Structures are given as structure tokens and as C-alpha cells.
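# Observations on the model geometry
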Amino acid sequence: MPAVVDVFWSFRSPYSYLATPRLVRLAADWDVEAQVRVVLPLAVRKPDFFATVNPLWPPYLLRDTFRIAEYHGIPYGWPQPDPIVQDYATRQVAAEQPYIHRLTRLGVEASLRGRGLRFVDEVSRVIWGGTVRGWHEGTHLADAAARADLELAAMDRAVAVDPARYDAIIARNQADLEAAGHWGVPTMVLDGEPFFGQDRIELLLWRLGQRGVERRT
């Protein structure tokens, strides 16, 4: 049986996006089942987060994420529009969040269909790749879903039947993330051990080797 790695991931996290190509390679190269478990971003889970964060953090995040993208050769740019609705001047997060709830529920549906990692990989490239303005318009998301062998319209219909079911799964994902010992994303969990951050993937690979998980031939 393949080793199971839970991947706690958010559509608003640039670090989740920057980790995804390496997670795709991990799942391809190792006898691992990467189970994507999407969560809502911290800005939605804790809307007062930005009111207390150190003002140096947002500009450092931009510097750091562009540097990581350059280092790994990953196309990158801040999304247009941002997956969460927020006033950047006041840092106030809007009560209505049309983009992130749809994206996160779709992420749940993709995982239920066994295409979670492929879906977040394709969709995050559209959102965070720096070349698409208006990723929520036209056929951008539908085309990304199709590249993951999914039909966006069918996924939207499935969610619309019982959105509360998807919200319950998202809430359980968030609770399981904290139970594993962290709150941020991306966090990979192997046998109850959390590996937080895109810069912990190498440690996860080391641990897989320690556990005797085989590389695929």
C-alpha cells in the first residue's frame, strides 16, 4: 500500500502554489498517495489576523515568494483578482467572499473524485501564474479543470446540491490540520507528523526514505 500524505492546502496561499510542482513530482516519484485537503485561508478563518500582524510581514511575503518562484523557475504573480476580497489599505477582509468559497468547495469535489492534486495544480497555475487577469471569468477555470480530467460545470452542480456538505468537509480539514500540530499551509502530514511550509518538502522526502517508502520505477 502507498504511504498516505495529507496535504493541507489553500487557494489563497502563494506558498501552497509554490509547493505544488514539487508535491506533484513527489507523488509521481515515490510510492505515495498525496491526499489534498483544502482549507480556507487564514484571512477568512481569522479576519482580524491582518489587524495584528507585523506591518513588515506583507512586504516580506512578496519579496520571499517572488524569490522562491525565481529560484525554482515557477511562473508567479499576485492574482488578479485576489481570491479573497480585501481592502489592502485598511487590511479589512470583506464579509462576502464569492471567490474563495467556490474555489475551496471545488477543491473538495476534486479530491472526492480522486483528482485533488491535479486540480489544485492546474487551477493554481491559472490563478498564481502571473499571466491571467480575470481567472474567474471566461473558460479559464473550466480549461484548467479539463486538464485535470474534470468537468467544471459538473463539479459546480454537485456542490450546488448540498454546499453545507462541502463546508463541513472543509471545517473537518481545518480541525484535522490543527490536530496534526499546525495551523498554516501548506502542511504535509505523514503518520501524524506535520511538515509545515514549502521549504519542508525535502525533510518530508528524507522521512519517507527513513520509513522505507520506495521510489517508483
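A short tour of the structure in this document, coming up. (Residues numbered from 1 in each chain as written. Predicted model: local features only at pLDDT ≥ 70, side-chain atom pairs only at ≥ 80, totals over all residues. Heavy atoms only, no water.)

Another aspect to go through is the pairing of strand β4 (residues 193-196). The sheet contact formed by strand β3 (residues 187-190) and β4 spans 4 bridges and is antiparallel. By the bridge assignment, Met188 is partnered in β4 with Phe195. Between β3 and β4, which pair antiparallel one after the other, the connecting turn spans 2 residues, and Asp191 there sits at a positive phi close to 50°. (Pairing = 2+ DSSP bridges. Helix = DSSP H or I, 4+ residues; strand = E, 2+ residues; numbered from the N terminus.)

Our next topic: the layout of surface pockets. If you add up the space inside the largest pocket, you get close to 760 Å³. As for the largest pocket, its lining consists of 29 residues, and the residues nearest its centre are Pro14, Phe49, Phe50, Trp57 and Leu61. Among the secondary structure elements, those contributing two or more residues to the lining of the largest pocket are α1 (14-29), α2 (42-45), α3 (49-52) and α4 (57-72). At 4 residues, α4 tops the list of elements feeding residues into the lining of the largest pocket. Split into classes, the residues belonging to the lining of the largest pocket amount to 17 nonpolar, 7 polar and 5 charged. Taken as a whole, the second largest pocket holds about 430 Å³ of empty space. Together, 17 residues line the second largest pocket, and Ala34, Gln35, Val36, Ser111 and Gly116 are the ones closest to its centre. (1 Å grid on protein atoms, 1.4 Å probe; cavity = no way out; pocket = protein on both sides within 12 Å on 5 of 7 lines; lining within 4 Å. Points joined across faces, edges and corners; volume = space filled by probe spheres on them. Nonpolar A, V, L, I, M, F, W, Y, C, P; charged D, E, K, R; others polar.)

Here Pro163 shows up in helix α9 (residues 163-179). On a C-alpha basis, the gap between Pro163 and His101 in space is 9.8 Å, while along the polypeptide they are 62 residues apart.

What follows deals with the side chain of Thr20. With respect to the helices, strands and loops of the structure, Thr20 is situated in helix α1. Classification of Thr20 by relative accessible area gives buried; the value is 1%. A polar contact of 2.9 Å, which involves the side chain of Thr20, links it to the side chain of Trp9. (Buried < 20%, exposed > 50% of the residue type's maximum accessible area, 1.4 Å probe, protein only. Polar contact = N/O pair within 3.5 Å; in protein donor to acceptor, adjacent residues only side chain to side chain.)

Moving on, we come to the sheet that holds strand β1 (residues 3-9). Judged by pairing direction, the sheet is mixed, and its 4 strands sit side by side in the order β2-β1-β3-β4 without closing on themselves. Strands at the two margins of the open sheet, each flanked by one partner only, are β2 (32-38) and β4. Neighbour to neighbour, the strand axes of the sheet diverge by 25° on average, direction disregarded. As paired strands, β1 and β2 are joined by 7 bridges and run parallel to one another. Each residue of the ladder has a partner; that of Ala3, found in β2, is Val32. Across the sheet, helix α10 (residues 201-210) is in contact with β1, β2, β3 and β4; its angle to β3 comes to roughly 10°. (Axes fitted to C-alpha atoms, helices over the stretch in contact; angles between N-to-C directions. Contact = heavy atoms within 4.5 Å.)

Relative to the 24 Å expected for 17 residues at 1.5 Å per residue, α9 spans 24 Å between its end C-alpha atoms, a close match to the ideal helical length. Within the sequence span of α9, burial applies to Tyr166, Ile169, Ile170, Asn173, Gln174 and Leu177. The arc that holds the buried residues of α9, viewed along the axis, is 140°, so those residues lie on one side. Turned more than 90 degrees off the buried face of α9, the exposed positions are Ala164 and Ala179. Looking at the buried side of α9, the elements it contacts are β1, β2, α2, α5 (98-112), α8 (152-161) and β3. Just past α9, the residue Gly181 takes up positive phi, approximately 115°. (Expected span 1.5 Å × (residues − 1). Arc of directions from axis to C-beta.)

Core analysis: the largest hydrophobic core is formed by 61 residues, its most contacted members being Phe11, Val32, Phe119, Val123, Met188, Leu204 and Leu208. With sequence-adjacent residues up to four places away left out, Val32 is seen in contact with Pro2, Ala3, Val5, Leu26, Ala27, Leu208, Val213 and Arg216. Core analysis: the second largest hydrophobic core is formed by 6 residues, Val39, Leu177, Ala180 and Val189 among them. (Core = buried A, V, L, I, M, F, W, Y, C linked by side-chain atoms within 4.5 Å.)

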